[in-house]
Amino acid sequence: SVTPAPDKLLRTLYILIHSQELVPDTGVVGKLIDSWEWVQSQGGFVGRTITPETEGYTRTLYFNRDWSFVEERNDTTFLESTFRVFTRTRGNFTYDVVQIGELIPMRVTSISDSTLELMDECSDCYSHIFRRLPKWLNP
């Protein structure tokens, strides 16, 4: 019971529906959908360059049309998640950002038919270069 008694009681029903939308083939998102092989990363406070050879492992990123994401290291699943792409504005500068699960977002600095460049958004950022895998290698 509630005091004072309300004049009217209103019942409300909320229904939440999850809609798994496929990624369109336009813009950055459409270009991102594919398999990408890690070439190198560079950055940090000392400007270090790391590669599969220096680190002793390979990395392959899979951005899928159903918004799912998989990262393999040495051909073994390392991370499975979802991803999202959004636009961020800082001052007069607008850029695309990809976020994998709850990880720190990465700026899409460049994307072409053959190369993807991502930059961490952090204080000691690394820039990462990936090469698109040939279609016949994609699962």
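Residues numbered from 1 in each chain as written. Predicted model: local features only at pLDDT ≥ 70, side-chain atom pairs only at ≥ 80, totals over all residues. Heavy atoms only, no water.

### Some points on the side chain of Thr51
Put simply, the rule is: Only DSSP runs of H or I reaching four residues or more are called helices, and only runs of E reaching two or more are called strands; each is numbered from the N terminus. A 1.4 Å probe rolled over the protein chains alone gives each residue an accessible area, and that area as a share of the maximum for its type sets the label: buried under 20%, exposed over 50%, partly exposed in between. Should any heavy atoms of two residues lie within 4.5 Å, those residues are considered in contact.
With respect to the helices and strands, the residue Thr51 is situated in the loop between β2 (48–50) and α2 (52–55). According to the relative accessible area criterion, Thr51 is buried, its value standing at 14%. Excluding residues within four positions of it along the chain, Thr51 makes contact with Trp38, Val39 and Gln40.

### Some points on the pattern of salt bridges
Under the convention used in this document: In what follows, salt bridge is the name for a side-chain nitrogen of Lys or Arg lying within 4 Å of a carboxyl oxygen of Asp or Glu.
All chains considered together, the criterion is met by six salt bridges. The shortest N-O distance in the salt bridge between Glu55 and Arg48 comes to 3.1 Å. Between Glu121 and Arg88 there is a salt bridge, and its shortest N-O distance comes to 2.3 Å. On the criterion of sequence distance, the pair formed by Glu121 in the loop between β8 (115–120) and β9 (126–132) and Arg88 in strand β5 (residues 76–90) is long-range, its members being 33 residues apart. A relative accessible area of 22% places Arg88 in the partly exposed class. Via salt bridges that share partners, Arg59, Glu71 and Arg73 belong to a single interconnected network.

### Comments concerning the environment of Glu37
Mapped onto the elements, Glu37 comes out in strand β1 (residues 34–43). Accessibility expressed as a relative area gives 30% for Glu37, which makes it partly exposed. Distance from Glu37 to Leu61, taken between C-alpha atoms, is 6.5 Å for residues 24 residues apart in sequence. Those residues within four positions of Glu37 in sequence are excluded, and the remaining contacts are Arg59, Ile129, Phe130, Arg131 and Leu133.

### Here we look at the confidence of the model for the protein chain
Inclusion rule: Looking at any residue, its pLDDT shows the predictor's confidence there, from 0 to 100.
Across the protein chain, the average pLDDT comes to 87, with 87% of residues at or above 70. Of all helices and strands in the protein chain, the one with the weakest mean pLDDT is helix α1 (residues 27–32) (90), whereas α2 scores best (98).

### Focus on the packing of aromatic side chains
The line we're drawing: In summary, the pairing rule links any two rings of Phe, Tyr or Trp, Trp by its six-membered ring, whose centres are within 6.5 Å, and it sorts them by plane angle into stacked for under 30 degrees, edge-to-face for over 60 and tilted for everything else. Definition used: whenever NZ (Lys) or CZ (Arg) falls within 6 Å of the ring centre and also within 35 degrees of the ring normal, the charge is taken to sit over that ring.
Scanning the entire structure with this criterion turns up five aromatic pairs. Ring centres 5.6 Å apart and planes at 20 degrees place the aromatic pair Trp38 and Tyr57 in the stacked group. One end of the pair, Trp38, is in strand β1; the other, Tyr57, is in the loop between α2 and β3 (59–63), and 19 residues separate them in sequence. By relative accessible area, which is 3% here, Trp38 ends up buried. Seen from their ring centres, Phe63 and Phe69 are 5.0 Å apart, and the 55 degrees between their planes marks the pair as tilted. Members of the aromatic cluster, each reached through a chain of ring pairs, are Phe63, Trp67, Phe69 and Phe83. Here the basic side chain of Arg59 rests over the ring of Trp38, its NZ or CZ set 5.6 Å away from the ring centre. Residue placement shows Arg107 over the ring face of Tyr95; its charged tip is 4.1 Å from the ring centre.

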